[in-house]
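Residues per chain, in single letters:
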Amino acid sequence: RMLGRSGGGSEPPPGRRILTVTFLEAKDLQPMDKKGNAQPYIQAFLQAKSGSGKKIPYEEYNSHTTSFRNSLAPQWNEHFHFGVYSDLTRQEGKELPLLSINLIHHKTLGSKIPMGSVELDLDTQIPDNDEQESDAWFELRRIGHMSNVKGSLHLKFKWSGKVRGSHHRDED
């Protein structure tokens, strides 16, 4: 389920911070079919840290990019805005959630096979520079009892107080 596509401007509640994550690309992915290809897409969501007792609104729990056919190096360039429904404002004594990112292979009959994951702690792993972008490559890690995980994701981050919509894709 994709959150609303970019459209008219929208404002979060006053003082609320928005984290824009741009899923740029992936590289060196593990082939998932007999032809040596994959149909990857990213599923991203906010997740409360274990033991925090905090619930994350569903609207920020299940966002996903488009799926690329036959690609081991997809280029999404899709933006997702987190904090529209959850308060990500930094405050003394308040823990921010984790950003969980799963790379999934979409098989033809609708089944989904995990290809790897990245989990980022918003408190410590994403630079806290208002209005400045930072980007990095992240190695995929195992999900559950996967055996072959290969590849990395290129992500860009930006904290701000305004958002155009909860999801959009830059057109080339």
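Before reading further, recall that the structure is shown in the block above.
Predicted, not measured: the structure shown is a model, and the values here were computed from it.

Visitor: How do you make sense of the layout of surface pockets when you look at a structure like this?
Guide: Counted as a void, the second largest pocket has a volume near 160 Å³. Looking at the lining of the second largest pocket residue by residue, the classes come out as one nonpolar, four polar and five charged.

Visitor: Sorry, what's going on with the nonpolar core here?
Guide: Note on soluble globular proteins: their nonpolar side chains tend to be buried together. Counting 30 residues, the largest nonpolar core has L99, I101, L120, L153 and F157 as the members making the most contacts within it. When contributions to this core are tallied by element, the ones reaching two or more residues are β1 (18-27), β2 (40-47), β4 (75-82), β5 (98-106), β6 (112-121) and β8 (152-160). Excluding its chain neighbours within four sequence positions, the residues that come into contact with L99 are V21, F45, L46, F82, V118, E119, L120, L122 and F157.

Visitor: Where do I start with the environment of S111 in this structure?
Guide: Following the sequence through the fold, S111 ends up in the loop between β5 and β6. Each residue touching S111, except ones within four places of it in the same chain, is listed here: H105 and H106.

Visitor: How do you make sense of the sheet that holds β5 when you look at a structure like this?
Guide: What holds strands together in a sheet is hydrogen bonding between their backbones, with the strands either parallel or antiparallel. The strand order β3-β2-β5-β6 describes an open sheet built from four strands, whose pairing is antiparallel. Looking along the sheet, the strands with just one partner apiece sit at the ends: β3 (63-64) and β6.

Visitor: Can you walk me through the packing of aromatic side chains in this structure?
Guide: The way to describe two aromatic rings as a pair is by their centre distance and the angle between their planes. In the structure shown here, the tally under the stated rule is three aromatic pairs. Taking the centre distance of 5.5 Å and the plane angle of 65° together, the rings of F23 and F80 count as edge-to-face. Residue F23 is located in strand β1, and its partner F80 is located in strand β4; the two are separated by 57 residues in the primary sequence. Here the two residues F23 and F80 agree in accessibility, since each one is buried. Ring geometry for F68 against W76: centres 6.1 Å apart, planes inclined by 85°, an arrangement best described as edge-to-face. In this structure F68 comes out as partly exposed when scored by relative accessible area, which is 24%. Residue placement shows R17 over the ring face of W159; its charged tip is 4.3 Å from the ring centre. We note K27 situated over the ring of W137; from NZ or CZ to the ring centre the distance is 4.4 Å.

Visitor: I would appreciate a short explanation of the side chain of H105 in the present structure.
Guide: Within the secondary structure layout, H105 lies in strand β5. Side-chain polar atoms of H105 contact the backbone nitrogen of Q39, separated by 3.0 Å. In this view, H105 contacts M32, A38, Q39, S111, K112, I113 and M115; residues no more than four positions away in its chain are not counted.

Visitor: So what exactly am I meant to see when it comes to the pairing of β6 here?
Guide: Each regular strand carries side chains that alternate between the two faces of the sheet. Where β5 and β6 come together, nine bridges link them in antiparallel fashion. Directly across from S100, in β6, lies its bridge partner E119. Hairpin connection from β5 to β6: five residues lie between these consecutive antiparallel strands, with G110 at a positive phi of about 90°.

Basis of the calculations
- Residues numbered from 1 in each chain as written.
- Predicted model: local features only at pLDDT ≥ 70, side-chain atom pairs only at ≥ 80, totals over all residues.
- Heavy atoms only, no water.
- 1 Å grid on protein atoms, 1.4 Å probe; cavity = no way out; pocket = protein on both sides within 12 Å on 5 of 7 lines; lining within 4 Å.
- Points joined across faces, edges and corners; volume = space filled by probe spheres on them.
- Nonpolar A, V, L, I, M, F, W, Y, C, P; charged D, E, K, R; others polar.
- Core = buried A, V, L, I, M, F, W, Y, C linked by side-chain atoms within 4.5 Å.
- Buried < 20%, exposed > 50% of the residue type's maximum accessible area, 1.4 Å probe, protein only.
- Helix = DSSP H or I, 4+ residues; strand = E, 2+ residues; numbered from the N terminus.
- Contact = heavy atoms within 4.5 Å.
- Pairing = 2+ DSSP bridges.
- Phe/Tyr/Trp six-rings, centres within 6.5 Å; stacked < 30°, edge-to-face > 60°.
- Lys NZ or Arg CZ within 6 Å of the ring centre and 35° of its normal.
- Polar contact = N/O pair within 3.5 Å; in protein donor to acceptor, adjacent residues only side chain to side chain.

Function-wise, these values are silent; they only describe arrangement.
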